[in-house]
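Letter by letter, the chains look like this.
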Amino acid sequence: MELVPELALLEQVVDKVRPLLGQGKVADYIPALANINPNKIGIAVTSIDGTTIGAGDYLEPFSIQSICKVFSLTLALTLYEEQDIWSRVGKEPSGQSFNSLVQVELEHGLPRNPFINAGALVIADLLQARLGAPKHRMLELIRGLSANPSLISDKVVATSEYDHSARNAAIAYLMKSFGNFNNDVDTVLQSYFHYCSIRMNCADLSKAILYLANKGTCLDGSRLLSPVQTRQMNALLATSGLYDGVGEFAYRVGMPGKSGVGGGIIAVIPGDMAVCVWSPELDSNGNSLAGIAALEDLCQKMGRSIF
Ligand code: GLN
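Cut-off values and rules
Residues numbered from 1 in each chain as written. Predicted model: local features only at pLDDT ≥ 70, side-chain atom pairs only at ≥ 80, totals over all residues. Core = buried A, V, L, I, M, F, W, Y, C linked by C-beta atoms within 7 Å. Buried ≥ 20, exposed ≤ 12 C-beta atoms within 10 Å, placed from the backbone. Domains from an automatic or database assignment. Contact = placed C-beta atoms within 7 Å. Helix = DSSP H or I, 4+ residues; strand = E, 2+ residues; numbered from the N terminus. Pairing = 2+ DSSP bridges. Axes fitted to C-alpha atoms, helices over the stretch in contact; angles between N-to-C directions. UniProt positions renumbered as here; feature names shortened; annotations may be inferred.

Undergrad: I would appreciate a short explanation of the nonpolar core in the present structure.
TA: Side chains of a nonpolar character, in soluble globular proteins, are inclined to be buried together. Of all hydrophobic cores here, the largest spans 98 residues; its most connected members are Ile-43, Leu-121, Ile-209, Val-275, Ala-294 and Leu-295. Taken together, domain 1 (7–63 + 200–302) and domain 2 (66–196) each give at least three residues to this core, which thus spans both. For Val-275, the contacting residues outside a window of four places in its chain are Ile-43, Val-45, Ser-206, Ala-267, Leu-295 and Leu-298.

So this is what it looks like as structure tokens:
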């Protein structure tokens, strides 16, 4: 039997973590994110019967940032044979910051996993090679998954990312030097920033990732991934979804999840529910400080964990 929280419980979670606001630091690598109001906390849950409930600022849109890496890997899995993907990116936790070049160099151009920037850029390169209009296709996928046709990518954020893209460009060129990047770097970076800059709220995101809690079947009943692919995706999220904070996240929360520097975190309990939390202030690993605390409190209150 599936187990989902009551609305009152989500409200208690938000009240419990609200005192943490002010203890983290909003992402400041681009001006468009540095100016965000930090005093926000929202949570939404979609259960596998398709019902969504939320508390706090759960209807306020934010920049999904690295959460887009879940959707881009999913899209790649629908377009390529497994081997075409895993010959170009690994499946191991990184133990380095999300934008590190170190391991790309040490591993001869093979990124450790698809959720650090290096791996996500290889996936973006794969999408660029296979799709005529990858930006449009990604937006269409996410609009369909969340049943929200009005979703857009924020041009101001995407332009700001592009204006400060030296690190990501360096990662892409390093991989190109090892023969693991095929398309024009600039073109792929623009697509990647477009994906990162998509604006969604917690309700949209909890609906969009329902397939990860439901053996690959989406909110509208269509199948996006096979049950095996979904299990594999959740395994990668559980081992690499929160960068260098993934061990602590497993210890405190116990759900496969993915964070973004916009302050969002998505997480699932397979068979039960999909969750999204949002609070813009980050901890030292670049993960939402109050967001992790909210997921920890939710799991504790519900007595749930995948472990
Ligand atoms: N746009 C950011 C980057 O590529 C995304 C990073 C993140 O959310 N961790 O640097």
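Undergrad: What is the right way to look at unusual backbone geometry in this model?
TA: In terms of backbone geometry, most residues other than glycine have negative phi values and most peptide bonds are trans. One non-glycine residue, Ala-147, adopts positive backbone phi at about 55 degrees. Along the chain, Ala-147 falls in the loop between α7 (134–146) and α8 (155–163). Note on Ala-147: 14 C-beta atoms within 10 Å, which makes it partly exposed. Notably, Lys-215 is not glycine yet its phi reads approximately 55 degrees, a positive angle. Topologically, Lys-215 is positioned in the loop between α12 (210–213) and α13 (227–240).

Undergrad: Even after reading the chapter, I still don't get the sheet that holds strand β8 (residues 273–278), so can you show me in this structure?
TA: The strands that make up a sheet pair up through hydrogen bonds in the backbone, lying either parallel or antiparallel. Reading across from one edge, β3-β2-β8-β7-β6 is the order of the five strands in this open sheet, with antiparallel pairing throughout. Sheet topology places β3 (52–56) and β6 (257–259) at the edges, where each strand pairs with a single neighbour. Neighbour-to-neighbour, the strand axes of the sheet open up by a mean angle of 10 degrees, direction not taken into account. As judged from the six bridges shared by strand β7 (residues 264–269) and β8, these two strands associate in the antiparallel manner. Looking across to β8, one finds that Ile-266 is bridged to Cys-276. Along the sheet, helix α1 (residues 7–17) makes contact with β2 (42–47) and β3, crossing β3 at roughly 30 degrees. Strands in contact with helix α15 (residues 289–302) are β2, β7 and β8; relative to β8, the strand with the most contacts, it is inclined by about 145 degrees.

Undergrad: How do you make sense of the UniProt feature "binding site: substrate" (unreviewed entry) in the protein when you look at a structure like this?
TA: Mapped onto this numbering, the UniProt entry annotates "binding site: substrate" (unreviewed entry) at Ser-66, Asn-117, Glu-161, Asn-168, Tyr-192, Tyr-243 and Val-261. Assignment of secondary structure puts Glu-161 in helix α8. With sequence-adjacent residues up to four places away left out, Glu-161 is seen in contact with Ile-30, Phe-193, Cys-196 and Ser-197. Tracing the sequence through the fold places Val-261 in the loop between β6 and β7. Setting aside residues no more than four positions away along its own chain, Val-261 makes contact with Ala-27, Leu-33, Gln-65, Ser-66, Leu-282 and Gly-286.

Undergrad: Just to check I follow, could you spell out the environment of Thr-52 for this structure?
TA: One can find Thr-52 in strand β3. For Thr-52, a count of 21 C-beta atoms within 10 Å puts it in the buried group. Separated by 150 residues in sequence, Thr-52 and Cys-202 place their C-alpha atoms 10.0 Å apart. When residues no more than four places from it in sequence are discounted, the contact partners of Thr-52 are Ala-44, Thr-46, Ala-203, Ser-206 and Lys-207.

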